[in-house]
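# Results of the structural survey
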Amino acid sequence: MAAVTQEKQYTPSLLSFFVYNPSFGPREGEEEKKILFYHPSEVEKNEKIRNVGLCEAIVQFTRTFCPTKPVKSLHTQKNRQFFFEPEDSFWIVMIVRNPMVEKPNKDGKPPTIEYQEEEVLDTVYGAVLRQCYSMYKLFNGTFGRAMEAGGVELLIPKLEKFFYRYLQTLHLQSCDLLDVFSGISFFPLDKMTYLKIQSFVNRVEENLRLVKYTAFLYNDQLIWSGLEQDDMRILYKYLTTSLFPRHSEPELAGRDCALRPEVSGNLLHYGRFLTGPANLKDPEAKFRFPRIFVHTEDGSEELHLIVYKAMSAAVCFMISASVELTRDFCERLDALVGPQLTLLASDICEQFTLNRRISGPDKEPQFKFIYFNHMNLAEKSTIHMRKTASVSLTSVHPDLMKILGDINCDFARVDEDEEVIVKAMTDYWVVGKKSDQRELYVILNQKNANLIEVNEEVKRLCATQFNNIFFLD
Amino acid sequence: MEGDVHSKGRASWDLGNLPHVEHLRIERPDSPTPDLVEGTEPGAGQQAAMFVHSRSVEDLTTEADRDAESRVEPQPVADGDPGSCETLGTSENGLQVEEKIIEVVQAPKESSWAESRTKEEDICSDGWRSHRKHVFVLSEAGKPIYSRYGTEEALSSTMGVMMALVSFVEADRNIIRSIHADGYNVVFLSKSPLVLVAVSRTCQSDKELVRELQYIYYQIVSLLTLTQLNHIFQHKQNYDLRRLLSGSEHLIDNLLRQLDRDPGLLLSAVTCLPLPSSYRDAVSASLQAAKAESLVFSILLAGERLVTLVRKKDQFLHHMDLHLVFNLVCSSSSSFREGEGWTPICLPKFNSAGFFHAHISYLEPASELCLILVSTDREDFFSLSDCKHRFLERLRKRNAYQALKEAVKTPSYSVDQVGILELRHFLYKSKSSGLFTSPELPGVYQSEEEQERLMGLYQELHSRLHHSTRPLLSIYRCGETENLMAWLTSGFELYLCLTPLVTKVQAVTAVNKLLKWIRKEEDRLFILSPLTY
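Described below are features of the structure shown in this document.

About the thresholds
- Residues numbered from 1 in each chain as written.
- Chains lettered and ligands numbered in written order.
- Predicted model: local features only at pLDDT ≥ 70, side-chain atom pairs only at ≥ 80, totals over all residues.
- Heavy atoms only, no water.
- Helix = DSSP H or I, 4+ residues; strand = E, 2+ residues; numbered from the N terminus.
- Buried < 20%, exposed > 50% of the residue type's maximum accessible area, 1.4 Å probe, protein only.
- Areas by Shrake-Rupley, 256 points an atom, 1.4 Å probe, with all protein chains shown as cover.
- Contact = heavy atoms within 4.5 Å.
- Phe/Tyr/Trp six-rings, centres within 6.5 Å; stacked < 30°, edge-to-face > 60°.
- Lys NZ or Arg CZ within 6 Å of the ring centre and 35° of its normal.
- Pairing = 2+ DSSP bridges.
- Axes fitted to C-alpha atoms, helices over the stretch in contact; angles between N-to-C directions.
- Buried area = accessible area lost by both parts, 1.4 Å probe.
- Salt bridge = Lys/Arg side-chain N within 4 Å of Asp/Glu carboxyl O.
- Polar contact = N/O pair within 3.5 Å; in protein donor to acceptor, adjacent residues only side chain to side chain.
- Nonpolar A, V, L, I, M, F, W, Y, C, P; charged D, E, K, R; others polar.

### Concerning the overall build of chain B
Looking only at helices and strands, one finds 20 helices and 19 strands in chain B. For chain B, buried positions account for 63% of its 533 residues. Approximately 19700 Å² of chain B is accessible, and the part contributed by carbon and sulfur atoms is 52%.

### Observations regarding the environment of A:F90
All names here are of chain A. Summarising the element assignment, F90 is placed in strand β6 (residues 90-97). On the basis of relative accessibility, which here comes to 6%, the residue F90 falls in the buried class. On a C-alpha basis, the gap between F90 and N355 in space is 50 Å, while along the polypeptide they are 265 residues apart. Residues within four places of F90 in sequence aside, it is in contact with Y20, N21, F24, L36, F84, E85, F143, M147 and L155.

### Some points on the packing of aromatic side chains
Geometrically, a pair of aromatic rings is defined through the distance of the ring centres and the angle of the planes. Residues and elements named next belong to chain A. For the structure shown, the criterion picks out 39 aromatic pairs over all chains. Ring plane angle 75 degrees and centroid distance 4.8 Å describe the contact between F139 and Y238, whose orientation is recorded as edge-to-face. Of this pair, F139 sits in helix α2 (residues 122-140) while Y238 is found in helix α6 (residues 229-246), placing the two residues 99 residues apart along the sequence. Aromatic pair F187 and Y218: ring centres 4.9 Å apart, planes at 65 degrees, arrangement edge-to-face. Pair noted here: F187 is in the loop between α4 (177-181) and α5 (191-207) and Y218 is in strand β9 (residues 211-218), with a separation of 31 residues, a long-range link. The class of F187 is buried, set by a relative accessible area of 6%. Given the relative accessible area of 2%, Y218 is considered buried. Each member of the aromatic cluster is reached from another via a ring pair, and the members are F17, F24, F37, F84, F90, Y133, Y136, F143, F162, F163 and Y166. A cation over an aromatic ring shows up here: K309 above the ring of F244, its NZ or CZ 5.0 Å from the ring centre.

### Notes on the sheet that holds β6(A)
Pairing is antiparallel in the open sheet, where ten strands are placed in the order β3(A)-β2(A)-β6(A)-β5(A)-β4(A)-β4(B)-β5(B)-β6(B)-β2(B)-β3(B). Edge positions in the sheet fall to β3 (35-39) of chain A together with β3 (144-147) of chain B, since each has one partner strand and no second. Between one strand and the next, the sheet's axes are offset by a mean angle of 15 degrees, whatever the strand orientation. One ladder, built from four bridges, connects strand β4 (residues 176-181) of chain B with strand β5 (residues 184-191) of chain B; its direction is antiparallel. The partner of B:H180 across the bridge, within β5(B), is B:N185. Where helix α3 (residues 143-168) of chain A meets the sheet, it contacts β2 (13-20), β3, β5 (79-87) and β6 of chain A, and its direction lies at approximately 0 degrees from that of β3(A).

### Regarding the interface of chain B and chain A
Reports of interface size often rely on the accessible area that becomes lost once the parts have come together. Between chain B and chain A, the contact holds 53 residues from the first and 50 residues from the second. Contact with chain A buries area across many residues of chain B, yet B:F168, B:R470 and B:K504 alone supply 15% of it, more than any other trio. Scanning the region where chain B abuts chain A turns up nine salt bridges. Residue B:E460 is joined to A:R413 by a salt bridge in which the shortest nitrogen-to-oxygen separation is 3.0 Å. Where chain B touches chain A, the interface holds 32 residue pairs in polar contact (both at pLDDT 80 or more). In terms of residues, the side of chain B that touches chain A owes the most to one element, strand β16 (residues 472-478) of chain B, which gives seven residues. The residue inventory of the side of chain B that touches chain A, partitioned by class, reads 27 nonpolar, twelve polar and 14 charged. Two elements, strand β4 (residues 71-76) of chain A and β4(B), share five bridges in a ladder whose sense is antiparallel. Bridge pairing links A:H75 to B:S178 in β4(B).

### Things to note about the pattern of salt bridges
Residues and elements named next belong to chain A. Counting across every chain of the model gives 52 salt bridges over all chains. Here D410 and R413 are joined by a salt bridge, their closest N and O atoms 2.9 Å apart. Within this pair, D410 and its partner R413 are both found in helix α8 (residues 398-413), separated by three residues, close to a single helical turn. Residue class for D410 comes out buried when judged on its relative accessible area of 7%.

Here it is in structure tokens:
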């Protein structure tokens, strides 16, 4: 008897996700033609049509009040529905079920379900939806491109192929403020080493004329990129949440190791391809690389994406898709880049440990903070543990993360510098600062501190970590 | 621990006697601290609270009926017009009887509201679209009942779509709450048999907008009673409620204006006319003495501020009901100035099933002072009229009248009187008494735009403090135009607006100084000894 009285908590989850274009089935009876993709696919046809119909009605309804800015989200008791029109008349809709608590009832009555309606933040999930599209676009180009190339018959399978897999990697329960920023974590580096990397990039681009763009990462953090910011942002997201975690190297599990040259084949390096051929020596090896689409002045261009990694250093080489990549090219690249990158990686590693020793032991965990710079997309969080492919773990209570989200919403509304300090019911203090395109959020656990002490504490953080970027008192 | 004390205080207070809290009141500390027990903060009444009052906005969502059930009724307050409810809907005659009753309320308005309502608007124009806040009321059949801007006729298809959206989502055993777009929100509130919709370009949260829609809903109930409202739609789903409400739209219009401006509606509290306590007590005592058998509440208003309120023992007035009374008086002031008004009014939080009858009159035609005597008896006009005269007589005798008139004439008080240089404006609410105080708006916030902006800032702070799952204890916010501070304790709720360059040290000092000042002035700013008959 007593054992059943357990409450059950459900996290937010993906109910459905669909892409439609109302102009594809304007006549009655043709509604199904509007639907280009629908997840879960096993939903009955009429139900699909019904749900798309509601979305259309709501878009239409909001146009009564503002013809140019239609709906972004619909709140209902049970779920949240997010709308995004990335290209003319193409709508992507994501429905997220609100978190809920199931409370068992006595006497065999069905359990009571309580929906927690304020738990899902619009800004966070709106950003997740936009990211879905950006990721699609990175690998497939725009919807319009597919339509031009082969009409609906081409677009539908493309959507299915991409979203079928991508949606499985969405972990809605652990989305937070970092998804709103969708920033890039930069690797802190001294000038000397930075110049070494730059000259390495120049040398490679000089020798391999085909390489159009290069990006250099260390330890999953960006050091150098020749791509446009927005392209790099989504490519970075792909690399750090999908590609790298899939290839974490067992032999380099301890990251800060010195160079231990071993003879592998006849080359003295650790370099290997993360995309393309797994083993160059394999006579069967295929030299096919993923294609990506990046912005150009007049639209977009299609590129091969070569990701090459040696120890903790990874380099992306992007080459025009019109060129066919051969075994010869890959071998040249491997021979040129492999040894240099191995050397460079161990240089960076040494430099990094040295710097750490000088600056003393890691003091960061004392402050839990998130920093984001809108100008260069730089982001830094001491709240999040290392990102993995599945979940991003945070070291604070989810409610506090949502308070950060609330403060971020307030900041987004007004285009001026602001500072907010709040004391939550749990006696945590949360501080948000916005100054000149930069945002900083700090969580302090000092139950008995007062406003003045909290302010002093944050000032100290700004002085040590951010060279007093934030001066607003 | 803190919460514990709080809830104990609340429980006993609800019962109307407060043994242990009263004991605590003997020592009222000089400067309140966050661990004050509710009932000892500045502004807390000394005997018992005047209103059925709640901590925040949650109670607005509880059903009025339940509220009424939990209280003992002195007499049945159901409308003394037995025929009207029964015959309603069965014959057109029945409806007309009701309409006449309401006309008493409406008769005087024509002049005042006709010019103020600019209904004829092109609903496809940018002007119509760019209104800060639209409010629509419709029936569950999708029939327009009220629109703040534009005629209901022009909007009937839009309202039809609204209803369709509500029922479409309902068909999934779900409830539509709101639609969010860049720069505006649409919020829905289903209160069978009505549906209310707000389209707002303000920064208010959904919860705040729903609260405002609740006010509008109760305003309509207050004109008709819930019983009658349900009755009408049960018999004729398609009924055009505008027939019953026509002429009362200005009440809703005015309430909406107040919601944008009056912090009392935000705080669920009422503000008082500053008056030395000796004079206020004299006024209260005079009101107390002028009682009648059927009298439940006697309320004396100065404009939109409360002078005093005397109630029947064990009967509490909900702040929402009081705001509806305020709204009735303020939106039709010209009519009651002429003589004595006698009007049915339903106080929905007290009892949504029946009408009270209110005797409304100004003490002098040119005066701001308005007396409202709420009675359960429809036929009691003359005895209430007599009450008024007895009250006036006593008031004059005690020569409190002159002081009262003086107080009405002088402006409330300016923030300079507090003597804190950095302080521009504040709102302070005593939780246990349900009263708040606030200085006049300083020059910077005098314009209508700035006034609404400041209210918007307070609204944002309020909704963050009272967030349903992530409530906050305090907020400090520095901006380029002002610094704001909000603080919620078990005893009070405080909002400060400070100059933009103030430091946190100065701000903390300002709060302490302000609380001391309020404690010092509390017998002038609040009603500390409310009376009962």
